[in-house]
Amino acid sequence: MSPKLVIGANGFLGSHVTRQLVQAGHQVRVMVRETAATTGIDDLDTERYLGDIWDDDTLRAAMSGCDDVYYCVVDTRGWRVDPAPLYRTNVEGTRNVLDVAATVHREHPFRRFVYTSSYATVDRRPGRRSTEDDEITDERGLTDYVRSRLIAERMVLARARDGELPAVAMCVSTTYGAGDWGRTPHGAIIAGAAFGKLPFVLDRIELEAVGVDDAARAMVLAADHGRVGERYLVSEKMISNAEVVRIAAEAAGVPVPTKRLPLPVTYALAALGTAKARLRGSDERLTLNALRLMRAEAPVDCAKSKRELGWQPGPVEDAIGEAALFWVGLRSARP
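The structure presented is a predicted model; accordingly, all values stated were derived computationally and were not measured.

Caption draft 1: Representation of the sheet that holds strand 5 (residues 112-118) within the structure. Pairing in this open sheet of seven strands is parallel, and the strands run 3-2-1-4-5-6-10 from one edge to the other. For this open sheet the edge positions go to strand 3 (47-50) and strand 10 (231-234), each flanked by a neighbour on one side alone. Each strand axis lies, on average, 20° off the axis of its neighbour in the sheet, ignoring direction. Pairing analysis gives four bridges linking strand 1 (residues 4-7) to strand 4 (residues 68-71), with the strands arranged parallel.

Caption draft 2: Just the pairing of strand 2 (residues 28-32), in detail. Taken across its five residues, strand 2 has five buried, putting it largely inside the fold. Of the two faces of strand 2, both are covered, the one formed by Val28, Val30 and Val32 as well as the one formed by Arg29 and Met31. Across four bridges, strand 1 lies against strand 2 in parallel orientation. Bridge assignment links Leu5 to a residue of strand 2, and that residue is Arg29. In the classification by handedness, the crossover that spans strand 1, the intervening helix 1 (residues 12-23) and the parallel strand 2 is right-handed. As judged from the four bridges shared by strand 2 and strand 3, these two strands associate in the parallel manner. In the sheet register, Met31 faces strand 3, and the bridge partner there is Tyr49.

Caption draft 3: Summary view of unusual backbone geometry. One non-glycine residue, Arg183, adopts positive backbone phi at about 50°. Here Arg183 is to be found in the loop between strand 7 (174-176) and helix 5 (185-194).

Caption draft 4: Examining the packing of aromatic side chains more closely. What the rule picks out here adds up to four aromatic pairs. On the basis of an interplanar angle of 10° and a centroid distance of 6.0 Å, the ring pair of Tyr71 and Tyr115 is categorised as stacked. Taken together, the positions of Tyr71 in strand 4 and Tyr115 in strand 5 put the pair 44 residues apart, joining distant regions of the chain. Look at Tyr115 and you get buried, because its relative accessible area is 2%. When the ring of Phe326 is compared with that of Trp327, the centres are 5.1 Å apart and the planes differ by 70°; the resulting orientation is edge-to-face.

Criteria and thresholds
- Residues numbered from 1 in each chain as written.
- Predicted model: local features only at pLDDT ≥ 70, side-chain atom pairs only at ≥ 80, totals over all residues.
- Heavy atoms only, no water.
- Pairing = 2+ DSSP bridges.
- Helix = DSSP H or I, 4+ residues; strand = E, 2+ residues; numbered from the N terminus.
- Axes fitted to C-alpha atoms, helices over the stretch in contact; angles between N-to-C directions.
- Buried < 20%, exposed > 50% of the residue type's maximum accessible area, 1.4 Å probe, protein only.
- Right-handed = clockwise from strand over helix to strand, strands pointing away.
- Phe/Tyr/Trp six-rings, centres within 6.5 Å; stacked < 30°, edge-to-face > 60°.

Structural data, given as structure tokens:
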């Protein structure tokens, strides 16, 4: 049996992909940075390669002989005042990995190269349900985060069209669940709700969301059933910020925040955050760009993933509750 490789196995999604592969009995290789926190995979029996996405020798060694490669590296810090790191990781880093992968594939052909993309690369517009066929044609107004993800996805699919790699792109929405050791921004909201530290919730904010275990399962299924050169939407449903907070608080057994921050006030605070970021050169979590990402929501249709991959996600509400209990358990375990 040929090994599987997960690049970025220490991340939230990557660790869950790794765990599912190990539990299915596969020989699994992981590639992580030497300084990466690997709590989420330390208990798993894997062959570890230390290096980053610019380390060609380590990439080549890790990929050689594998049948499936899962690429789970992404910089999600869309709030950064300097977008250069987003492009370096999401675009230039991806390009380097693709170059090495194409070379290895010519010598030791892969079955699939499963790339972690984002549902933000799909053209979503209010009033309709978007599918993988909806391409973004007007890039005006895109945030640097979305633009970097779009450029990278297009590179991956171009390699597939040209026959250089048997790649598929997985357009994953916001992931919730246990094991968020790195505390993602959306995971931090659940932690805040579970600890009773959220004074209010943001009004009229909705996100497409999916359980992280279900997202990982879609990635694994894509290696078995995904069509080369295709992209697949991975999301369970659209859910409001207020509902996420309510579910997390109730699961943790703490009062649900009742105060809501009206949308105009949220925009005012985001404008202040943007001004502060520009004046101080600091990275602020709530900026107009960050709010635009949260507000640029419209439902997506994941029928293709269900039909072609055989993917059946569970309710994301269950994953939110599991995430809240994860944070409560983590706090209780501390001395």
